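Each chain is listed here by its residues.
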Amino acid sequence: AQTVTQSQPEMSVQEAETVTLSCTYDTSESDYYLFWYKQPPSRQMILVIRQEAYKQQNATENRFSVNFQKAAKSFSLKISDSQLGDAAMYFCAYYRGFGNEKLTFGTGTRLTIIP
Amino acid sequence: DTAVSQTPKYLVTQMGNDKSIKCEQNLGHDTMYWYKQDSKKFLKIMFSYNNKELIINETVPNRFSPKSPDKAHLNLHINSLELGDSAVYFCASTERLTGKETQYFGPGTRLLVL
């Protein structure tokens, strides 16, 4: 079964600095998708970034980028120029697709932004 | 313009009662989901429907019964509520087998069983 591990329950970063959140996963598949979702206090689940496993290029979305290491099964999220609005729980998630439809989530990392 | 909506947003009820949560998506997706987020924030799949057909049922007690009247709606009915059912329930949707499979979530329904 697929598992997703986020080893950092909490992280903090100074406003305008850069922070990296870690995620590792376990799978025997070669094709899959990886996601980072953000959950602010409003509890809405917001998609931050998505990576297809077949793509070697790391995904980027404005200040958010990933470091996808397929062989190491690692998928970290880098947030540059951290802003107060980035404070939230961040969840890493694995999705096999192709008939196995569920998202498997990590346990989350709570990110605090220090003004 | 809401993509995935859920009603109600909050639900407070007594043990033993029966309650329903409704979900609607206007994204034209063919697959919908129910996830449960417990008090420790852990998110886990409960059910998935594709074009009104159940495709995932993750060992959820049979007090929980999903119903999909059409592919834009997925409701969750819970019988004989227990204290342990207190959680946030999220609905999500996606378009399956397209290579663009991203799940979009509703705002969540916070259920409190007293």
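Every chain's residues receive numbers from 1 upward, in the order its sequence appears when written. Following the order in which they are written, the chains are lettered starting with A and the ligands numbered starting with 1. In view of the model being predicted, local features appear only for residues whose pLDDT reaches at least 70, and side-chain atom pairs are presented and counted only at 80 or more, with totals across whole chains, interfaces and linings using the full set of residues. Excluded from the side-chain calculations are hydrogens and water; all other atoms, namely the structure's heavy atoms, are used.

Brief notes about the overall build of chain A
Moving on, step 1. Elements are defined by DSSP. Helices are runs of H or I of four residues or more, strands are runs of E of two residues or more, and each kind is numbered from the N terminus. The secondary structure content of chain A amounts to zero helices and 12 strands.
Moving on, step 2. By the compact-globule yardstick of 13 Å for 115 residues, chain A fits well, its C-alpha radius of gyration being 14 Å.
Moving on, step 3. Expressed along its principal axes, the backbone C-alpha trace of chain A runs to roughly 45 × 25 × 20 Å.
Moving on, step 4. Burial classes: relative accessible area under 20% of the type maximum marks a residue as buried, over 50% as exposed, and values in between as partly exposed (1.4 Å probe, protein chains only). Within the span of chain A, comprising 115 residues, buried residues form 50% of the whole.
Moving on, step 5. Counting only carbon and sulfur atoms, one obtains 45% of the accessible surface of chain A, whose full area is about 5,400 Å².
Moving on, step 6. Averaging the locations of the 11 positively and 11 negatively charged side chains of chain A gives two centres separated by 4 Å. The size measure is the radius of gyration over C-alpha atoms, and the globule rule it meets is 2.2 Å times the number of residues to the 0.38 power. For accessible areas, the Shrake-Rupley method is used with a probe of radius 1.4 Å. Any residue's cover is judged against the shown protein chains and nothing else. The charged-residue count follows a simple rule in which Lys and Arg add positive charge and Asp and Glu add negative charge, with His and chain termini not counted at all. The atoms used to mark charge sites are NZ of Lys, CZ of Arg, CG of Asp and CD of Glu.

Considering the interface of chain A and chain B
Moving on, step 1. With 23 residues of chain A at the contact, the number on the chain B side is 29 residues.
Moving on, step 2. The buried area of a pairing is the accessible area, by a 1.4 Å probe, that goes missing from both parts when the two are put together, added over both. Roughly 2,100 Å² is buried in total at the junction of chain A and chain B, and carbon and sulfur atoms are behind 52% of that figure.
Moving on, step 3. Every case where a carboxyl oxygen of Asp or Glu lies within 4 Å of a side-chain nitrogen of Lys or Arg is listed as a salt bridge. For the interface between chain A and chain B, the tally reads one salt bridge.
Moving on, step 4. For Lys102 of chain A, the salt bridge is made with Glu58 of chain B, and the minimal N-O distance between the two is 3.4 Å.
Moving on, step 5. A 3.5 Å cut-off defines polar contacts: any pair of N or O atoms within that distance qualifies, except that in protein one atom must be a possible hydrogen donor and the other a possible acceptor, and neighbouring residues in sequence count only when both atoms are side-chain atoms. Counting every contact that joins chain A to chain B gives 10 residue pairs in polar contact (both at pLDDT 80 or more).
Moving on, step 6. For the side of chain A that touches chain B, the secondary structure elements donating two or more residues are β5 (33-39), β6 (46-52), β10 (88-97) and β11 (100-105) of chain A.
Moving on, step 7. Split into classes, the residues belonging to the side of chain A that touches chain B amount to 11 nonpolar, six polar and six charged. The contact criterion used is simple: two residues touch if any of their non-hydrogen atoms lie within 4.5 Å. Residue polarity follows a fixed list, in which Ala, Val, Leu, Ile, Met, Phe, Trp, Tyr, Cys and Pro are nonpolar, Asp, Glu, Lys and Arg are charged, and the others, Gly among them, are polar.

What to know about unusual backbone geometry
Moving on, step 1. Following Thr7 of chain B, the chain continues into Pro8 of chain B via a peptide bond in cis, with omega recorded as -5°.
Moving on, step 2. As for its placement among the helices and strands, Pro8 of chain B is situated in the loop between β1 (4-7) and β2 (10-13).
Moving on, step 3. Of note, Arg43 of chain A is a non-glycine position whose phi angle comes to about 70°, a positive value.
Moving on, step 4. On the secondary structure map, Arg43 of chain A appears in the loop between β5 and β6.
Moving on, step 5. Of note, the phi angle at Asp81 of chain A is positive, near 50°, even though the residue is not glycine.
Moving on, step 6. Inspection of the secondary structure puts Asp81 of chain A in the loop between β9 (74-79) and β10.
Moving on, step 7. A relative accessible area of 38% means that Asp81 of chain A is categorised as partly exposed.

What to know about the side chain of Asp30 of chain B
Residue and element names in this part refer to chain B.
Moving on, step 1. With respect to the helices, strands and loops of the structure, Asp30 is situated in the loop between β3 (19-25) and β4 (31-37).
Moving on, step 2. The class for Asp30 is buried, based on a relative accessible area of 11%.
Moving on, step 3. Looking at Asp30, its side chain comes within polar contact range of the side chain of Thr31, at 2.9 Å.
Moving on, step 4. Contacts of Asp30, omitting those with residues within four sequence positions, involve Tyr49, Asn50, Asn51, Lys71, Thr94, Glu95 and Arg96.

Some words on the pattern of salt bridges
Side chains that differ in sign of charge can pair as their charged atoms come close.
Residues and elements named next belong to chain A.
Moving on, step 1. Counted under the stated rule, the structure contains eight salt bridges over all chains.
Moving on, step 2. The residue Lys73 makes a salt bridge to Asp26 at a minimum N-O spacing of 3.9 Å. Of the two residues, Lys73 sits in the loop between β8 (64-69) and β9 while Asp26 sits in strand β4 (residues 24-26), which places them 47 residues apart along the sequence.

Examining a nonpolar patch on the surface
Residues and elements named next belong to chain B.
Moving on, step 1. For patches, a residue must show more than 30% relative accessible area and have no salt bridge; joins then use 9 Å for like charges and 5 Å for nonpolar side chains, namely Val, Leu, Ile, Met, Phe, Trp and Tyr. A contiguous nonpolar surface patch, about 270 Å² in accessible area, is contributed by Val12, Leu112 and Leu114.
Moving on, step 2. In this structure, Leu112 sits in strand β11 (residues 109-113).
Moving on, step 3. Judged by relative accessible area, which is 40%, Leu112 ranks as partly exposed.

Some details on the nonpolar core
Moving on, step 1. With 25 residues, the main nonpolar core has Tyr25, Trp36, Phe75, Leu77 and Tyr90 of chain A as its most contacted residues.
Moving on, step 2. Taken together, the elements giving at least two residues each to this core come down to β3 (19-21), β5, β6, β8, β9, β10 and β12 (109-114) of chain A.
Moving on, step 3. Considering every element that reaches this core, the biggest residue donor is β10 of chain A, with four residues.
Moving on, step 4. Sequence-distant contacts of Tyr90 of chain A, that is, excluding residues within four places in its chain, are made with Gln6, Leu21, Trp36, Tyr37, Lys38, Val48, Phe64, Leu77, Ile79, Gly108, Thr109 and Leu111 of chain A.
Moving on, step 5. Put simply, a nonpolar core is a bunch of buried Ala, Val, Leu, Ile, Met, Phe, Trp, Tyr and Cys residues held in one set by side-chain atoms that sit within 4.5 Å of each other. Counting residues in each nonpolar core, the second largest holds 20 residues, with Val4, Ile21, Cys23 and Val60 of chain B among its members.

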